[in-house]
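What follows is the residue order along each chain.
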Amino acid sequence: MSEKLISVTLTQQQDYRFDIRFDDSVPVLTSDEPAPLGTGLGPSPVQLLCAAVGNCLSDSLLFALRKFKQAPEPLRCEVQAQVGRNGDGRMRVLEMVATLHLGVSAAQLEQLDRVLGQFEGFCTVTQSVGQGIPIQVRVLDADGVVLKS
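Fair warning: this is a prediction, and the values are worked out from it, not measured in the lab.

Colleague: Tell me about the pairing of strand β4 (residues 76–85), and name the residues and values.
Modeller: Of the pairings in the sheet, the one linking β4 to strand β5 (residues 91–101) comprises 10 bridges and is antiparallel in character. Counted as the bridge partner of R76 is H101 from β5.

Colleague: Help me get a handle on the layout of surface pockets, residues and values and all.
Modeller: In this model, the largest pocket occupies a volume close to 490 Å³. Mapped onto the lining of the largest pocket, the elements with two or more residues apiece are β2 (17–21), β3 (29–31) and α1 (45–67). Per-element accounting of the lining of the largest pocket gives the leading share, three residues, to α1. The residue makeup of the lining of the largest pocket, split by class, is 12 nonpolar, two polar and three charged.

Colleague: Which residues make up the sheet that holds strand β1 (residues 9–14), and what values do they have?
Modeller: A sheet is described by the order of its strands in space; here three strands give the open sequence β1-β2-β3, paired in antiparallel fashion. In this open sheet, the two strands that pair with only one neighbour each are β1 and β3. Averaged over neighbouring strand pairs, the angle between their axes works out to 30° when direction is ignored. Examined bridge by bridge, β1 and β2 share five bridges and lie antiparallel to one another. Within the sheet, the bridge partner assigned to T9 lies in β2 and is R21.

Colleague: Help me get a handle on the sheet that holds strand β7 (residues 146–148), residues and values and all.
Modeller: Within the open sheet, the four strands sit side by side as β4-β5-β6-β7. Their pairing is mixed. Only two strands of the sheet have a single partner each, and these edge strands are β4 and β7. Within this sheet the neighbouring strands show an average axis-to-axis angle of 25°, counted without direction. Here two bridges tie strand β6 (residues 135–140) to β7, and the two strands are oriented antiparallel to one another. Paired with V139 across the strands is K148, a residue of β7. Strands in contact with α1 are β4, β5 and β6; relative to β5, the strand with the most contacts, it is inclined by about 30°.

What counts as what
Residues numbered from 1 in each chain as written. Predicted model: local features only at pLDDT ≥ 70, side-chain atom pairs only at ≥ 80, totals over all residues. Heavy atoms only, no water. Pairing = 2+ DSSP bridges. Helix = DSSP H or I, 4+ residues; strand = E, 2+ residues; numbered from the N terminus. 1 Å grid on protein atoms, 1.4 Å probe; cavity = no way out; pocket = protein on both sides within 12 Å on 5 of 7 lines; lining within 4 Å. Points joined across faces, edges and corners; volume = space filled by probe spheres on them. Nonpolar A, V, L, I, M, F, W, Y, C, P; charged D, E, K, R; others polar. Axes fitted to C-alpha atoms, helices over the stretch in contact; angles between N-to-C directions. Contact = heavy atoms within 4.5 Å.

Without other data, these values stay purely geometric and don't point to any function.
See below:
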């Protein structure tokens, strides 16, 4: 098994606003806390966490379907994070719900049951984050039929 080191550099611009540099080929992303701490000029750390979970799940589902030469596009994913106080009174992400929407009806896809049973296990970010935060994953087809809950 190969290991890879991922490096990201954050540089404070003002108060809670940071420029995030990934590498030379990726544009700089600015993050910021919403008011009253920050000015909301970029996504907050919780929003970035939601984006990472949703992006990884979407990639994993797309990869799994394409492995069987299926075309589910366009995919869409919504991720909600419940933020509240833990037992010590500190703000935490308490749970997350990710809802993936296929761009086609389930009837158009072969091997869908098999894919739905295994794609989450290959999602690096969700499996890692899920060790500390409960994450519920739902999948719906283009007709709104719940395929996984």
